[in-house]
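The primary structure of each chain is shown beneath.
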Amino acid sequence: MAFIEKESKDLKQYLLQRKYTASARAAMTHILRAKKIESSKGILLPAYIGLSKIEGSGVFDPVLETGINYEFYNLNNRLSIDFDSVESQLKTGKFQLLFLIHYFGCPQCDTEALVKLCHTYNVLLIEDCAHTILGGLNGKLLGTFGDYSIFSIHKSTSTKDGGFYFDRRGDLPDLPLGSNLNISTETLETFANTDVLAATRQRVLNYMNVSKWVRQYEGLELFFESIPDGSVPLNCPVIVADGKREALYNKLVESDILPTALYHTLIPEIGKADFPISHELANSIINLPTHPDITSADYSAYQSILKNAIEEVFNCDTNT
Ligand SMILES: Cc1ncc(COP(=O)(O)O)c(C=O)c1O
């Protein structure tokens, strides 16, 4: 091989090594099944996991299905981890895995430091990147910090399903062929045909605009005061004051804007008495849409509907 070839012969460093699955939860099921065979130790889960009547729980269903032991770790009102408290759980020796969710596509903690802490106690870290495909932190893609990571394709593209995972230790078995964990050809083709980078740019631009509007309104508080460089938020999470979340949600739906509330309902295993902060957040969060189908042509009407809804719900004049 010449020092400088005419064409590239080795693009290994650019290969993403994605292992495609039917969904993020299928990826998680595959990882947990493999790990449960290796060890009887459990998994530490964040105490903010949602449940929906239609979709079940993307995070908790694989835990129940595989029967792996679990315990929850506490999060603060911005879903950040208390390292001391997590360390006391890691120290018990009861766990082989820690599950870290990058909620709404943005990292809530120093992920590198958390991986280090986990490894001190021989615990492997799974990053849940279901809310972002190209989100990063400190110049590195999310999903490349931990030992394993899972992604959801349909949350960031127009497919109806699809996911993938990274096996950065290279110790997981291949997905069983022909099982319901495999991605469909149709989803894979649509994903390959989607300009994810362009969609990501539009999503970030939309976030910047929607978050700028939110800052102007009393009664609303941005969940993220700022987002780290390289973040790709899934939507714009906002805390609604005075118990008005439900009212604002309904008002927006009535006005043809469909927000979500991640997560309005927590799995029953995360009890209110043990995790009051998680429940408070679940009752006050609303996630405003910032997906890439929204363009600058929609901004003026979107902002005006939002403003009217806030004025009506809070019975005030926003003066903006
Ligand atoms: C944080 C998180 N992880 C994983 C999942 C599962 O994603 P999927 O629908 O691709 O299985 C979801 C959504 O349900 C989620 O919100």
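Calculation notes
Residues numbered from 1 in each chain as written. Predicted model: local features only at pLDDT ≥ 70, side-chain atom pairs only at ≥ 80, totals over all residues. Helix = DSSP H or I, 4+ residues; strand = E, 2+ residues; numbered from the N terminus. Buried ≥ 20, exposed ≤ 12 C-beta atoms within 10 Å, placed from the backbone. Contact = placed C-beta atoms within 7 Å. Near = placed C-beta within 6 Å. Nonpolar A, V, L, I, M, F, W, Y, C, P; charged D, E, K, R; others polar. Pairing = 2+ DSSP bridges. Axes fitted to C-alpha atoms, helices over the stretch in contact; angles between N-to-C directions. Domains from an automatic or database assignment.

A. Quick peek at the overall build of the chain. Broken down by element type, the chain carries nine helices and 12 strands. Taking the principal axes of the C-alpha coordinates as reference, the chain spans close to 65 × 55 × 35 Å. Split into buried and exposed, the 320 residues of the chain put 41% on the buried side. In the chain, 72% of the contacts between residues at least 6 apart in sequence involve partners at least 24 apart.

B. Spatial organisation of the site of the ligand. The full set close to the ligand counts 13 residues, and Ser23, Ala24, Gly58, Ala130 and Ser152 are the nearest of them. Among the residues forming the shell around the ligand, the class breakdown is four nonpolar, six polar and three charged.

C. Broad picture of the sheet that holds strand β8 (residues 148-152). The seven strands lie next to each other as β1-β9-β8-β5-β4-β2-β3, forming an open sheet whose pairing is mixed. Pairing within the sheet leaves two strands with one partner each, and these edge strands are β1 (19-21) and β3 (70-73). For this sheet the average axis-to-axis angle between neighbouring strands, irrespective of direction, equals 25 degrees. Taken together, the four bridges between strand β5 (residues 124-129) and β8 define a ladder with parallel strand orientation. Bridge pairing in β8 places cysteine 129 opposite phenylalanine 151.

D. Just the domain arrangement of the chain, in detail. For the chain, the domain assignment lists domain 1 (14-192) and domain 2 (196-314). One C-alpha centre belongs to domain 1, the other to domain 2; they are set 24 Å apart. If you look at the interface, domain 1 gives 28 residues, while domain 2 gives 25 residues. Looking at side-chain class alone, the side of domain 1 that touches domain 2 contains 13 nonpolar, 13 polar and two charged residues.

E. Here's a closer look at the pairing of strand β2 (residues 42-46). Extensive coverage of β2 is indicated by the burial of four of its five residues. As paired strands, β2 and strand β4 (residues 95-101) are joined by three bridges and run parallel to one another. Paired with glycine 42 across the bridge in β4 is phenylalanine 95. Across four bridges, the pairing between β2 and β3 is parallel.

F. Structural view of unusual backbone geometry. Residue leucine 262 is joined to tyrosine 263 through a cis peptide bond whose omega torsion reads 5 degrees. You can see tyrosine 263 is positioned in the loop between α7 (245-254) and α8 (276-284). The residue aspartate 256 is not glycine, and still its phi comes out positive at about 80 degrees.

G. Quick peek at the pairing of strand β12 (residues 285-288). Side chains Ile285 and Asn287 project from β12 onto one buried face, and the interleaved Ile286 and Leu288 project onto a second face that is buried too. Where strand β11 (residues 236-240) lies against β12, four bridges are found, and the strand directions are antiparallel. Within β12, the position partnered with isoleucine 239 by the bridge is isoleucine 285.

H. Inspection of the sheet that holds strand β10 (residues 220-222) at higher detail. Taking strand neighbours across the sheet as the criterion, the three strands line up as β10-β11-β12 in an open arrangement whose pairing is antiparallel. Every other strand in the sheet has two partners, leaving β10 and β12 as the edge strands with one partner each. When strand polarity is set aside, the average angle formed by the axes of neighbouring strands in this sheet is 35 degrees. In the packing of α7 onto the sheet, contacts are made with β11 and β12, and the angle to β12 comes to roughly 25 degrees.

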